[in-house]
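# Fold and geometry: a report
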Amino acid sequence: MEENNTAMQRFFAACDDLLQSKHFFAEKKIETLMRSIAECGELMALFSQLTRNFHYEAAKRLYLKEPRETRTARGAAYLPADESELLAFVFCLLMEIDTQEVKLPDLLLRYFYVDGSLTASYALFVQQVIRPFRDVVRRCFPDAGKWGDPSMQRKKEDGILQAISEKLAAERANLPRQKLSEEDFRGGGVMLAEMKIAIDRRDIPELKALLCGYYYFLRNTRTTSQSSSEMFMLAQEL
């Protein structure tokens with residue numbers, strides 16, 4: 001059981017790594033994710049059972065919509081409502097990416113297209129596909145979160161805090177470009193500076209409180225950006 005617990009931890013860590021990754025590292029990290037499944041007896045048993053009578057090609061036609069079906073220049077992707085089918089579908093899709101039968105950049109720009117940007121398209125992919133995949137597996141194994149030791153939890157938090165810090169830097173660079181009043185400009189700058197201080201001292205409750213305030217600041221000033229949206233999504237992992 002201890003060996004399987006460690007393998008399960010590696011699976012969830014690999015999912016979290018994908019959620020925080022950049023698109024140009026994603027194929028290697030998907031390889032790591034699939035290896036973590038292969039090394040975990042419980043996960044292999046789960047996915048073997050779910051895919052036994054699963055018709056993946058039919059599912060692709062149902063959930064990966066071509067441009068002619070969406071009546072736009074781009075396709076669209078959906079996930080099955082049934083959680084067992086969702087796990088089977090995403091597992092098979094990741095297998096195709098891992099074996100290079102599907103090229104990830106092509107998939108992103110065809111079904112997860114956002115402004116022609118691979119970065120933005122990848123962010124949509126991980127939120128629409130990887131996050132629900134991870135969360136459904138977690139519901140299948142509710143005790144998985146209890147297996148890790150404190151050092152693993154701290155390592156995960158440090159990775160998230162570092163990613164948020166990078167988004168903060170982008171926000172600071174973006175702030176002068178916004179059409180803000182002098183008062184709003186100062187207020188936004190103060191909140192960003194205080195968030196950096198909270199990250200440096202690992203004060204997660206303070207960081208969350210500041211992020212909440214910054215969310216309403218962006219709403220009131222109508223200056224939401226991609227970096228701020230990604231920052232809020234990262235904070236949900238803390």
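Data block above holds the structure.
Residues numbered from 1 in each chain as written. Predicted model: local features only at pLDDT ≥ 70, side-chain atom pairs only at ≥ 80, totals over all residues. Heavy atoms only, no water.

### Regarding the overall build of the chain
Across its full length, the chain holds twelve helices and two strands. In sequence order, the secondary structure elements of the chain are arranged as α-α-α-α-β-α-β-α-α-α-α-α-α-α. The C-alpha extent of the chain, read off along each of the three principal axes, is 60 × 50 × 30 Å. Classification of the 238 residues of the chain by burial places 43% in the buried group. With an accessible surface of roughly 13000 Å², the chain has 52% of that area assigned to carbon and sulfur atoms. With 33 positive and 35 negative side-chain charges, the chain shows a spacing of 4 Å between the two charge centroids. (Helix = DSSP H or I, 4+ residues; strand = E, 2+ residues; numbered from the N terminus. Buried < 20%, exposed > 50% of the residue type's maximum accessible area, 1.4 Å probe, protein only. Areas by Shrake-Rupley, 256 points an atom, 1.4 Å probe, with all protein chains shown as cover. Lys, Arg positive; Asp, Glu negative; His and termini not counted. Charge placed at Lys NZ, Arg CZ, Asp CG, Glu CD.)

### Looking at the packing of aromatic side chains
Remark: the centre distance and the inter-plane angle together describe each pair of aromatic rings, the angle taken between the planes. In total, this model carries twelve aromatic pairs according to the counting rule given. Relative to F133, the ring of F47 has its centre 5.7 Å away and its plane inclined at 25°; by these criteria the two rings are stacked. Of this pair, F47 sits in helix α3 (residues 41–51) while F133 sits in helix α8 (residues 118–140), and the two are 86 residues apart along the sequence. An identical accessibility class is assigned to F47 and F133; each is buried. Grouped by ring-pair contacts, the aromatic residues F11, F12, F47, F91 and F133 constitute a single cluster. The cationic tip of R138 hangs over the ring face of F12; the distance from NZ or CZ to the ring centre is 4.8 Å. (Phe/Tyr/Trp six-rings, centres within 6.5 Å; stacked < 30°, edge-to-face > 60°. Lys NZ or Arg CZ within 6 Å of the ring centre and 35° of its normal.)

### Observations regarding the side chain of S36
Locating S36 in the fold gives a position in helix α2 (residues 26–38). Under the relative-accessibility criterion, S36 is labelled buried at 4%. From its side chain, S36 meets the backbone oxygen of L33 in a polar contact 2.6 Å long. (Polar contact = N/O pair within 3.5 Å; in protein donor to acceptor, adjacent residues only side chain to side chain.)

### Structural notes on helix α4 (residues 56–63)
Each full turn of the α-helix corresponds to 3.6 residues, which orients residues three or four apart in the same direction. Here α4 has its buried residues at Y56, A59, K60 and Y63. Projected down its long axis, α4 carries its buried residues within an arc of 105°, all on one side. Here the buried face of α4 lies against β1 (64–65), β2 (76–77) and α6 (83–98). (Arc of directions from axis to C-beta. Contact = heavy atoms within 4.5 Å.)

### Things to note about the nonpolar core
Counting residues in each nonpolar core, the largest one holds 49 residues, and the members touching the most others are L43, F47, L94 and F125. Sort the elements by how many residues they give to this core and α6 lands first, with ten residues. Ignoring sequence-local partners within four residues, the contact set of L43 consists of M8, F11, S36, I37, V137 and F141. I164, I204, F217 and M231 belong to the second-largest nonpolar core, a separate cluster that totals 23 residues. (Core = buried A, V, L, I, M, F, W, Y, C linked by side-chain atoms within 4.5 Å.)

### Considering the packing of α4 against α6
Remark: α4 packs on α6, axes separated minimally by 10 Å, with the N-to-C direction vectors making an angle of 100°. One finds that α4 runs roughly perpendicular with respect to α6. Where α4 approaches α6, its residues Y56, E57, A59, K60 and Y63 are matched on the opposing element by E85, F89, C92, L93 and E96. Looking at the contact of α4 with α6, its residues break down into six nonpolar, no polar and four charged. (Axes fitted to C-alpha atoms, helices over the stretch in contact; angles between N-to-C directions. Parallel < 35°, antiparallel > 145°, perpendicular 65-115°, else oblique. Nonpolar A, V, L, I, M, F, W, Y, C, P; charged D, E, K, R; others polar.)

### Regarding unusual backbone geometry
Both trends apply: most residues other than glycine have a negative phi, and most peptide bonds are in trans. With a phi close to 70°, Q100 is a non-glycine residue in the positive phi region. Here Q100 shows up in the loop between α6 and α7 (104–111). For Q100, a relative accessible area of 37% gives the class partly exposed.

### Considering the pattern of salt bridges
For side chains bearing opposite charge, pairing can occur when the charged atoms are close. With the rule as written, the count across this model stands at 16 salt bridges. Residue D158 is joined to R202 by a salt bridge in which the shortest nitrogen-to-oxygen separation is 2.7 Å. Pair noted here: D158 is in helix α9 (residues 150–174) and R202 is in the loop between α10 (182–200) and α11 (204–221), with a separation of 44 residues, a long-range link. Overall, the relative accessible area of 32% leaves D158 in the partly exposed class. Exposure remark for R202: the relative accessible area of 23% places this residue in the partly exposed category. Three or more residues are tied together by salt bridges with common partners; here these are D16, R134 and D135. (Salt bridge = Lys/Arg side-chain N within 4 Å of Asp/Glu carboxyl O.)

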